[in-house]
Amino acid sequence: CAAATLMAQAPAISFDKTHHDFGRITPDRKVAAKYKVTNTGNAYLSITQVRPSCGCTYTMLGKWSIAPGESTEIEAMFDPKGLRGGVRKSIEVVCNDPKTPNVSLTLEAEVVMEIMPSVESVYFYQAPKSATTRSQVRYASGNGEPVQIVEVKAPGAPFLAFTMRPEGKDLVLEVAFDGRKVPAGHYRGVEQATVRFTNPRLSQLPLNIQWDLKPAIQASPVELVFQDTAGKDLRQKLTLKQAEGRPFRITGTRPSLQGMRVEGADQKASIQDLTVVFPATAKAGRYSEVLALSTDDPDQPELTIRVVALLK
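Calculation criteria
Residues numbered from 1 in each chain as written. Predicted model: local features only at pLDDT ≥ 70, side-chain atom pairs only at ≥ 80, totals over all residues. Heavy atoms only, no water. Pairing = 2+ DSSP bridges. Helix = DSSP H or I, 4+ residues; strand = E, 2+ residues; numbered from the N terminus. Axes fitted to C-alpha atoms, helices over the stretch in contact; angles between N-to-C directions. Buried < 20%, exposed > 50% of the residue type's maximum accessible area, 1.4 Å probe, protein only. Lys, Arg positive; Asp, Glu negative; His and termini not counted. Salt bridge = Lys/Arg side-chain N within 4 Å of Asp/Glu carboxyl O. Polar contact = N/O pair within 3.5 Å; in protein donor to acceptor, adjacent residues only side chain to side chain. Contact = heavy atoms within 4.5 Å. Core = buried A, V, L, I, M, F, W, Y, C linked by side-chain atoms within 4.5 Å. Phe/Tyr/Trp six-rings, centres within 6.5 Å; stacked < 30°, edge-to-face > 60°.

**Student:** With reference to specific residues and values, describe the sheet that holds strand E24 (residues 271–278).
**Tutor:** Ordered by their spatial adjacency, 4 strands build an open sheet running E18-E20-E24-E22, and the pairing between neighbours is antiparallel. At either end of the open sheet lies a strand with only one pairing partner, and these are strand E18 (217–220) and strand E22 (261–263). If you compare each strand with its neighbour and ignore which way they point, the axes differ by 30° on average. As defined by bridge partners, E18 adjoins strand E20 (residues 234–242) across 4 bridges and the pair is classed as antiparallel. Bridging from a neighbouring strand, alanine 219 pairs with leucine 240 of E20.

Written out as structure tokens, the structure reads:
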């Protein structure tokens, strides 16, 4: 009878809820949820630990020891800074309830920016030198207010232009890349544009723009491979083609390996068939070389061909 009486006198932990959904919140908005805990047993309930997962903190709003029938509150604070999208966190409550010694409290939120870009970087890959190519970035409204851009600046990049149009509460920014305005001698680059908005809480966002130009003179093959016995001249065909059909001339060659040479480079044509000679003086072994060619083409004054050799 004594044992039965002791077993009957036990605490029991109960919560008004074990999950809280904050809904949509912005990264700069700290939020809090309260969980009411009640002792529904007939002995004192002792909460010994409250262990939050990464990203939230808690405050015990009341006693750690709760008499039968009494209640207290646990407040969970959540800071969404640096987070984006759906987030779920938990807090483990440890107590002396013999039936439920551990209870997991959870909270979730959808972290949205007031202005959400579809991409953070724009790429213009193999853009033509003689034309304009375009790409788009959508700035979606995360707070229900129309997105409005004040200006877009990309210092030192006269070949970039920006236009915008509203689509509902979102705004679409069109980035135009004009290869004709790229300074001579430049073939690739990374630009940093700044997009400024009317929103006072999110006044600006960066936009990374990477680009490279399509070669005016295209080489086939793009890499020369020699594989043979050492001690003799080895030859490979190399064809150069001007993309727009303009005649050009090879004005100089600079091989990284002494003795490597180019035959047939004394012509002026839009398509040139050359022969690259790997020298007989090269000893057996593996080679990774570079052949630089200078041209009189204003759009591509120089091009580089990789040369690989395996000589037995």
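**Student:** Break down the side chain of aspartate 97 for me, with residues and values.
**Tutor:** Among the secondary structure elements, aspartate 97 is positioned in the loop between strand E8 (85–95) and strand E9 (102–111). The buried charged residue aspartate 97 lacks any salt bridge, with lysine 99 as its nearest oppositely charged partner at 7.2 Å. Polar side-chain contacts of aspartate 97 include one of 2.9 Å to the backbone nitrogen of lysine 99. There is a polar contact of 3.3 Å between the side chain of aspartate 97 and the backbone nitrogen of threonine 100. Apart from residues no more than four positions distant in its own chain, aspartate 97 is found in contact with Pro11, Ala12, Ile13 and Leu45.

**Student:** Break down the nonpolar core for me, with residues and values.
**Tutor:** In this structure, Tyr139, Leu160, Phe162, Leu173, Phe177, Leu207 and Ile209 are the most contacted members of the largest nonpolar core, which totals 32 residues. Listed by contribution, the elements that provide at least two residues to this core are strand E10 (115–117), strand E11 (121–127), strand E12 (132–141), strand E13 (149–153), strand E14 (160–167), strand E15 (170–178), strand E16 (188–197) and strand E17 (204–213). Per-element accounting of this core gives the leading share, 5 residues, to E17. Here leucine 207 is in contact with Glu120, Ser121, Val122, Val137, Tyr139, Leu173, Val175, Glu191, Gln192, Ala193 and Val195, once residues within four sequence places are set aside. Membership of the second largest hydrophobic core comes to 25 residues, among which are Ala219, Met260, Phe278 and Val307.

**Student:** Summarise the side chain of glutamine 300; cite the residues concerned and give the values.
**Tutor:** As for its position among the elements, glutamine 300 is in the loop between strand E25 (285–295) and strand E26 (302–311). A polar contact is formed between the side chain of glutamine 300 and the backbone nitrogen of alanine 216, at a distance of 2.7 Å. Filtering out sequence-adjacent residues up to four positions away, glutamine 300 remains in contact with Tyr187, Pro215, Ala216, Ile217 and Thr295.

**Student:** A description of the sheet that holds E17 should follow, citing residues and the corresponding values.
**Tutor:** As summarised here, the arrangement of the 4 strands in space is E11-E17-E16-E13, forming an open sheet in which the pairing is mixed. Edge strands, defined here as strands with exactly one partner in the open sheet, are E11 and E13. Each neighbouring strand pair of the sheet contributes to a mean axis angle of 20°, computed without reference to strand direction. Direction of pairing for E13 relative to E16: antiparallel, over a ladder of 4 bridges. When the sheet's bridge partners are listed, glutamate 151 is paired in E16 with arginine 196.

**Student:** Describe the packing of aromatic side chains, naming the residues involved and giving the relevant values.
**Tutor:** All told, the structure shown has 8 aromatic pairs when counted by the stated rule. Centroid distance phenylalanine 124 to phenylalanine 177: 5.4 Å. Interplanar angle 25°. Geometry classified as stacked. In this pair, phenylalanine 124 is assigned in strand E11 and phenylalanine 177 in strand E15, connecting sequence segments 53 residues apart. As far as burial versus exposure is concerned, phenylalanine 124 and phenylalanine 177 are alike and both buried. Here the aromatic rings of phenylalanine 278 and tyrosine 287 are separated by 5.4 Å at their centres, their planes lie at 75°, and the arrangement is edge-to-face.

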